[in-house]
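One-letter residues, chain by chain:
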Amino acid sequence: MQQIILITGASSGFGALSARALAHAGHIVYASMRDIAGRNAPQVDSLKDYAWHHSVDLRAIELDVQSEASAEAAVAQIIAEQGRLDIVVHNAGHMSYGPAEAFLPEQFSQLFDINVLGTQRVNRAALPYLREQRKGLVLWVCSSSTRGGTPPYLAPYFAAKAAMDAVAVSYAAELSRWGIESSILVPGAFTKGTNHFLHSGKPADSERELAYTQTGPTAGLEDEALKGLAACEPEDADVADVAAALVDIVNAPYGKRPFRVHVDPSDDGAEVVNAVADRIRKEFLQRIGLGDLLTPRQ
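Quantities reported herein were computed from a predicted structural model and do not represent experimental measurements.

## Quick look at the pairing of strand β1 (residues 4-7)
Burial along β1 is two-sided: Ile 4 and Leu 6 and Ile 5 and Ile 7, pointing in opposite directions, are all buried. For the handedness criterion, the β-α-β arrangement of β1, helix α1 (residues 13-24) and strand β2 (residues 28-33) is classed as right-handed. Of the strand pairs in this sheet, β1 and strand β4 (residues 87-90) are connected by 3 bridges, and their pairing is parallel. In the sheet register, Leu 6 faces β4, and the bridge partner there is Val 88.

## What to know about the side chain of Asn 115
As for its position among the elements, Asn 115 is in helix α4 (residues 105-133). Take Asn 115: its relative accessible area is 0%, and that puts it in the buried class. Of note is the side chain of Asn 115, whose polar atom sits 3.2 Å from the backbone oxygen of His 94. In this structure the side chain of Asn 115 is engaged in a polar contact, spanning 2.9 Å, whose partner is the backbone oxygen of Leu 111.

## Some thoughts on the packing of aromatic side chains
The tally for this structure, following the rule as stated, stands at 4 aromatic pairs. Seen from their ring centres, Tyr 97 and Tyr 153 are 6.1 Å apart, and the 85° between their planes marks the pair as edge-to-face. Here the residue Tyr 97 occupies a position in the loop between β4 and α4, and Tyr 153 occupies one in the loop between β5 (136-141) and α5 (155-176), the gap between them amounting to 56 residues. Residue Tyr 97 shares its accessibility class with Tyr 153, and that shared class is buried.

## Considering the environment of Gly 179
Note that Gly 179 resides in the loop between α5 and β6 (180-187). Expressed as a C-alpha distance, the spacing of Gly 179 and Glu 132, which sit 47 residues apart in the sequence, is 9.8 Å. Excluding anything up to four places from it in sequence, Gly 179 contacts Arg 134, Lys 135, Gly 136, Tyr 254, Pro 296 and Arg 297.

## Observations regarding the pairing of β5
For a regular strand, the rule is simple: side chains alternate between the two faces of the sheet. Here β5 lies mainly inside the structure; 6 of its 6 residues are buried. Here β5 shows no split at all, with Gly 136, Val 138 and Trp 140 on one side and Leu 137, Leu 139 and Val 141 on the other all buried. Note: β4 against β5, 4 bridges, orientation parallel. Bridge pairing links Val 89 to Leu 139 in β5. Tracing the backbone out of β4, into α4 and back to the parallel element β5 gives a crossover that is right-handed. Sheet analysis places β5 next to β6, joined by 6 bridges and oriented parallel. Bridged to Leu 139 within β6 is Ser 183. For the crossover from β5 across α5 to β6, the handedness is right-handed.

What counts and what doesn't
Residues numbered from 1 in each chain as written. Predicted model: local features only at pLDDT ≥ 70, side-chain atom pairs only at ≥ 80, totals over all residues. Heavy atoms only, no water. Buried < 20%, exposed > 50% of the residue type's maximum accessible area, 1.4 Å probe, protein only. Helix = DSSP H or I, 4+ residues; strand = E, 2+ residues; numbered from the N terminus. Right-handed = clockwise from strand over helix to strand, strands pointing away. Pairing = 2+ DSSP bridges. Polar contact = N/O pair within 3.5 Å; in protein donor to acceptor, adjacent residues only side chain to side chain. Phe/Tyr/Trp six-rings, centres within 6.5 Å; stacked < 30°, edge-to-face > 60°. Contact = heavy atoms within 4.5 Å.

Next up, the structure:
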């Protein structure tokens, strides 16, 4: 069945790949990004060309997850054009890399604003429509970093993604009686095929950063960590597998979509830890008489 889908952060990386893959699967996809008339105008042109050449319904839409007004306007536009919204994909995010102490508190706050509060802004704009429909899917693109191996120098990003995962788990229970499904997609650390590491944020306190990276006992650790991550990644690791997994979740029958799916060629252990956490969640909800929250009410 053709779905009306909004995906955030679709200018590049997982978002751009997933938007195209979803459109190829026959869905109407609104690929959202910031500043579509300015900085991201080339990405919009590329998206339009792709849609035309492949005869798919793929549309760029302005949405800045750091703006409540922007989120509301984007959702309102989709409802005006389509009459409904079936699926929200929370993909927008930003990475940072560097010693935790060298990041200003304001930098931590900004990363949380993008990765966590951004999902809340979009949810508050979209969920009233999904609840009215008594059907829908909220799909969260999280990260294996929340519970898998945790290499150094990614503390702000790890913390934000862990918070996002926690929010996703809570929303899953709160939305199920409204007929809204939740799925969490967990990509591993792909060091090739995206610009996550290339465009990652850096610490603002350069003096403290240098103390860690140049003069102290951790000198060189930054490169060691990146080389170690890259060495864990198989040669055939393909970021397109993340987009394919996302399409599989969307195309699964309503009421049968998986709660969590991992795509982690490096196998950092997150799947093992999440299996335990998700089992305990399931057992506890059943124990307190809320087992019905584990599946959407149909």
